[in-house]
Amino acid sequence: MSQDRVSLPHKIIGVAVIWNDRAQILIDKRRQNGDLGGLWEFPGGKIEPGETVEECIAREIEEELAIEVIVGDRLITINHTYPRFHITLIVHHCHHLKGEPQPIESSELRWVKVLDLEKYAFPAANSQIIAALQQFIN
Ligand SMILES: Nc1nc2c([nH]c(=O)n2[C@H]2C[C@H](O)[C@@H](COP(=O)(O)OP(=O)(O)OP(=O)(O)O)O2)c(=O)[nH]1
Ligand SMILES: [Mg+2]
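Basis of the calculations
Residues numbered from 1 in each chain as written. Chains lettered and ligands numbered in written order. Predicted model: local features only at pLDDT ≥ 70, side-chain atom pairs only at ≥ 80, totals over all residues. Heavy atoms only, no water. Helix = DSSP H or I, 4+ residues; strand = E, 2+ residues; numbered from the N terminus. Buried < 20%, exposed > 50% of the residue type's maximum accessible area, 1.4 Å probe, protein only. Polar contact = N/O pair within 3.5 Å; in protein donor to acceptor, adjacent residues only side chain to side chain. Contact = heavy atoms within 4.5 Å. Donors = N, O, S within 2.8 Å, 3.2 Å for Na, K, Ca; no water. UniProt positions renumbered as here; feature names shortened; annotations may be inferred. Near = heavy atom within 4 Å. Areas by Shrake-Rupley, 256 points an atom, 1.4 Å probe, with all protein chains shown as cover. Pairing = 2+ DSSP bridges. Phe/Tyr/Trp six-rings, centres within 6.5 Å; stacked < 30°, edge-to-face > 60°. Lys NZ or Arg CZ within 6 Å of the ring centre and 35° of its normal. Salt bridge = Lys/Arg side-chain N within 4 Å of Asp/Glu carboxyl O.

Draft legend 1. Summary view of the side chain of E41. Looking at the element boundaries, E41 is found in strand β3 (residues 40–41). Assessed through its relative accessible area of 15%, E41 is described here as buried. Within the structure, the side chain of E41 is placed 2.7 Å from the side chain of R30, a separation counted as a polar contact. Apart from residues lying up to four places away in sequence, E41 is in contact with I27, D28, R30, F122 and N126.

Draft legend 2. Expanded view of the coordination of the magnesium ion (ligand 2). Around the magnesium ion (ligand 2), the protein supplies G44 (O) and E64 (OE) as donor atoms, at distances of 2.3 to 2.4 Å. Remark: E64 occurs in helix α1 (residues 53–65) and G44 occurs in strand β4 (residues 44–46); sequence separation between them is 20 residues.

Draft legend 3. Main features of the UniProt feature "binding site: 8-oxo-dGTP" (unreviewed entry) in the chain. Mapped onto this structure's residue numbering, the UniProt feature "binding site: 8-oxo-dGTP" (unreviewed entry) falls at R30, E41, F42, P43, G44 and N126. Across 97 residues in sequence, these annotated residues keep their C-alpha atoms within 13.6 Å of one another, forming a single compact spot. Residue placement: F42 occurs in the loop between β3 and β4. With a relative accessible area of 3%, F42 lands in the buried category. Mapped onto the secondary structure, N126 falls in the loop between β7 (108–112) and α2 (127–137).

Draft legend 4. Here's a closer look at the site of ligand 1. Taken together, 16 residues lie near ligand 1, and F42, K46, Y82, I87 and N126 sit nearest. Within the side chain of K46, a nitrogen or oxygen atom sits 2.6 Å from an oxygen atom of ligand 1. In the environment of ligand 1, an oxygen atom lies 2.6 Å from a nitrogen or oxygen atom belonging to the side chain of Y82. A total of 610 Å² of accessible area belongs to ligand 1 in isolation, and the protein chains cover 77% of it.

Draft legend 5. Up close: the pairing of strand β1 (residues 10–19). A large share of β1 lies buried, amounting to seven of its 10 residues. Bridge count between β1 and strand β6 (residues 86–98): 10 bridges; the pairing is parallel. Each residue of the ladder has a partner; that of V15, found in β6, is V91. Bridging between β1 and β4 involves three bridges; their strand directions are antiparallel. By the bridge assignment, V15 is partnered in β4 with G44.

Draft legend 6. Molecular detail of the packing of aromatic side chains. Counted by the stated rule, this structure contains four aromatic pairs. For the ring pair W40 and Y120, a centre distance of 5.1 Å and an interplane angle of 70° mean the geometry is edge-to-face. Note that W40 is positioned in strand β3 and Y120 in the loop between β7 and α2, a separation of 80 residues in sequence. In terms of burial, W40 and Y120 fall into one category: buried. Above the ring of F85, the side-chain terminus of K11 is found at 4.1 Å from the ring centroid.

Draft legend 7. Focus on the pattern of salt bridges. According to the stated counting rule, one finds 10 salt bridges in the structure shown. A salt bridge links E63 to R59; the shortest N-O distance between them is 3.3 Å. Of this pair, E63 and R59 both sit in helix α1, four residues apart, which is roughly one turn of the helix. R59 gets classed as buried once you look at its relative accessible area, which sits at 17%.

See below:
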């Protein structure tokens, strides 16, 4: 059977835009192997059953980066279809509280200004997040 639209898996992801006190955002580089390998992203991961998006984001950030954040307002929700799955990205602003971020599940971390985000290669779904951030700072 061919993989038509409706048969694709749907991932629902909590995504963090983590701000520091210098108005920079934390981005991570996905490992080279696997889906969207080598691209930069905002930290986050799948919402587990029974979990709110805020709980998911706080948990993923602890697991992926070993830091504590305050999860704040929602920036945007994006639906996107990749060749092999559908994705919903629920993106929240977060504030970095404590801990030095560690690249536990990624190959690299970087604090960047919103205006520098365009220098990094992100997955296709992220262009709407970056546009929302550019609007947010204006
Ligand atoms: N965290 C995060 N994921 C993103 C972004 N943009 C984007 O397309 N994604 C996609 C990549 C992944 O397919 C999914 C994130 O879920 P995940 O971190 O649990 O997935 P994964 O591919 O690393 O692992 P898995 O599905 O094999 O368990 O969302 C982004 O900015 N941040
Ligand atoms: Mg993840």
